[in-house]
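# Summary of the model geometry
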Amino acid sequence: MPYLQFKKEEIEQIGGLHTALEIEAQPVLWQEVYGLILSQKKSLLKFMSPLLEDTRLRIILTGAGSSAFIGEAAQGIVQANTKRITQAIATTDLLTHPQLYFIKEIPTLLVSFARSGNSPESLAVVQLADKYCDTVFQLIIACNPDGELIKNSLPNTYEFVLPEGANDKGLAMTGSFTSMLLSVILISKINLLETFLPSLQVLISKAKELTGKHLASIKAIAEQEYERVIFLGSGPLLGIARECHLKLQELTDGKVICKHDSFLGFRHGPRAVLNEGTLIVYLLSSDEHVLLYERDLSLSIDADARNIPTVSYNHYIENLKNSVLTITFLEPANSLNELSFISATLMGQLLGFYHSIYLGLKPDNPSKSGSISRVVQGVTIYPVQKVLNNALSF
């Protein structure tokens, strides 16, 4: 339903029109992204192929905030697709400790994710990469063609600018996040781009089900009181869990404290955060082997005497007496999940959107204090005092 179950006049008055449109437009946007990459396949191959021929190549996926979480979600897939060492390192880490992350002698491909392209950390890190690495290439995946990141790119750079619809107008990254994540995965296997089509269709189908037949149930869960919300995911879904955690927390202006972890990692201490006011969202894997570990933790938490409510995405787990919502899809379980996991991001987007409204906030601009903004403010960039100094200081 257009505007995620609100009439235009109503959602405009609430202050959530942009966010509603940007969440529900993602399936169309993903098709546009695929078409754009297909149209640039020849030039992308020309850029990527020589780089990937070098077995020493190191790939760094970087960005700040949600843009950094794109790298976290994509890291394993990009490494598997390219057969080259791939690391997700936030610009906020590269900026303060470049000497710990850049390696002078190793050819490096810096993949920069940016919605606005105006974050000061992203701009500074490009210059640091150029100083700390003998050979550095850059792939910019951005939503704003006029961003400073593109204007100040390195000589050996490919600039991939997403369709206009990816440049979200709302505060929270929604379509921009999923489209940049989709883009880097497609580009990492650009020579076999067409093989992604079946998985892309599964991704689109899942998103349409979430914003269609499952929407009322998600809205009902979001319109309840929660003190804390925990998102759990494994592998690429761990990065998605982190993005969901941020999405709900920022759309509720920090009134709901959120956490994220892997299913196995949650057992090692973080489980202590659970209390009677907690909701847990399980982002369950399509891999049956991984699901065995996830099912074990789900059943363990369900046995907690505090009766912690849980939401399950992607699978039904039997005997969960505290399950308040299970979301499964029409598609049978299969191996076409290289892209379809991206749809789990909508769980954080939708829960955040509806809980923001439930709390009386404006989803397009939920920060009453102004402490968070669409483009980060107040970051001063200081010059590096010692470049390529072998002595490490912290």
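All of these numbers come straight from a predicted model, not from anything done at the bench.

What follows is about the pattern of salt bridges. Scanning the entire structure with this criterion turns up 15 salt bridges. A salt bridge links E209 to K213; the nearest nitrogen and oxygen atoms lie 3.6 Å apart. Of the residues examined, K213 reaches a relative accessible area of 51% and is grouped as exposed. Put simply, K219 and E223 hold a salt bridge, and the shortest N to O gap is 2.8 Å. Where salt bridges share partners, they join E243, K247 and E250 into one cluster.

Take helix α10 (residues 175-187) next. For α10, with 13 residues, the first-to-last C-alpha span of 18 Å sits near the 18 Å given by 1.5 Å per residue. Taking burial as the measure, the 13 residues of α10 include 13 buried ones, the bulk of the element.

Turning next to the sheet that holds strand β7 (residues 257-261). The strand order across the open sheet built from 5 strands is β7-β6-β8-β9-β10, with neighbouring strands paired in parallel fashion. Only two strands of the sheet have a single neighbouring strand rather than two, namely β7 and β10 (323-327). Adjacent strand axes in the sheet meet at a mean angle of 15° when their direction is disregarded. Relative to strand β8 (residues 278-283), helix α16 (residues 345-358) is tilted by about 150°, and along the sheet it contacts β6 (228-232), β8, β9 (310-313) and β10.

Our focus in this paragraph is unusual backbone geometry. Although it is not a glycine, N307 adopts a positive phi angle of roughly 55°. Looking at where N307 falls in the secondary structure, it is placed in the loop between α15 (288-302) and β9. Despite not being glycine, N314 has its phi angle at roughly 95°, a positive value. Looking at the secondary structure, you find N314 in the loop between β9 and β10.

As a further point, take the pairing of strand β4 (residues 136-142). Most of β4 sits inside the fold, with 7 of its 7 residues counted as buried. Neither face of β4 is left uncovered, since the one carrying V136, Q138, I140 and A142 and the one carrying F137, L139 and I141 both have all their residues buried. The pairing of strand β3 (residues 108-114) with β4 spans 7 bridges and is classified as parallel. Across the sheet, residue F113 finds its bridge partner in β4, namely I141. Handedness of the crossover joining β3 and β4 through helix α8 (residues 120-132) is recorded here as right-handed. Both β4 and strand β5 (residues 157-161) contribute to a ladder of 5 bridges, which runs parallel. Within the sheet, the bridge partner assigned to L139 lies in β5 and is Y158.

Conventions and cut-offs
- Each chain has its residues counted from 1, following the order in which its sequence is written.
- Restriction of local features to residues with pLDDT of at least 70 applies here, the model being predicted, together with a cutoff of 80 or more for giving and counting side-chain atom pairs; totals for whole chains, interfaces and linings are based on all residues.
- As a rule here, side-chain values come from all non-hydrogen atoms in the structure, and water together with hydrogens is ignored.
- Salt bridges are defined by distance alone: a side-chain nitrogen of Lys or Arg within 4 Å of a carboxyl oxygen of Asp or Glu.
- Each residue's exposure class comes from its accessible area (1.4 Å probe, protein chains only) as a fraction of the maximum for that residue type: buried when under 20%, exposed when over 50%, partly exposed otherwise.
- Where helices and strands are cited, they refer to DSSP runs of H or I of at least four residues and of E of at least two residues respectively, numbered from the N terminus.
- By this rule, a helix spans an expected 1.5 Å times one less than how many residues it contains.
- At least two DSSP bridges between two strands are required for those strands to pair.
- Note on definitions: angles span 0 to 180 degrees between N-to-C directions of axes, and those axes are lines fitted to C-alpha atoms, for helices only across the stretch in contact.
- Contact definition: two residues touch when any of their heavy atoms are within 4.5 Å.
- Seen with the strands pointing away from the viewer, any crossover whose path from the first strand over the helix to the second strand runs clockwise is right-handed.

The values are spatial; any link to function lies outside them.
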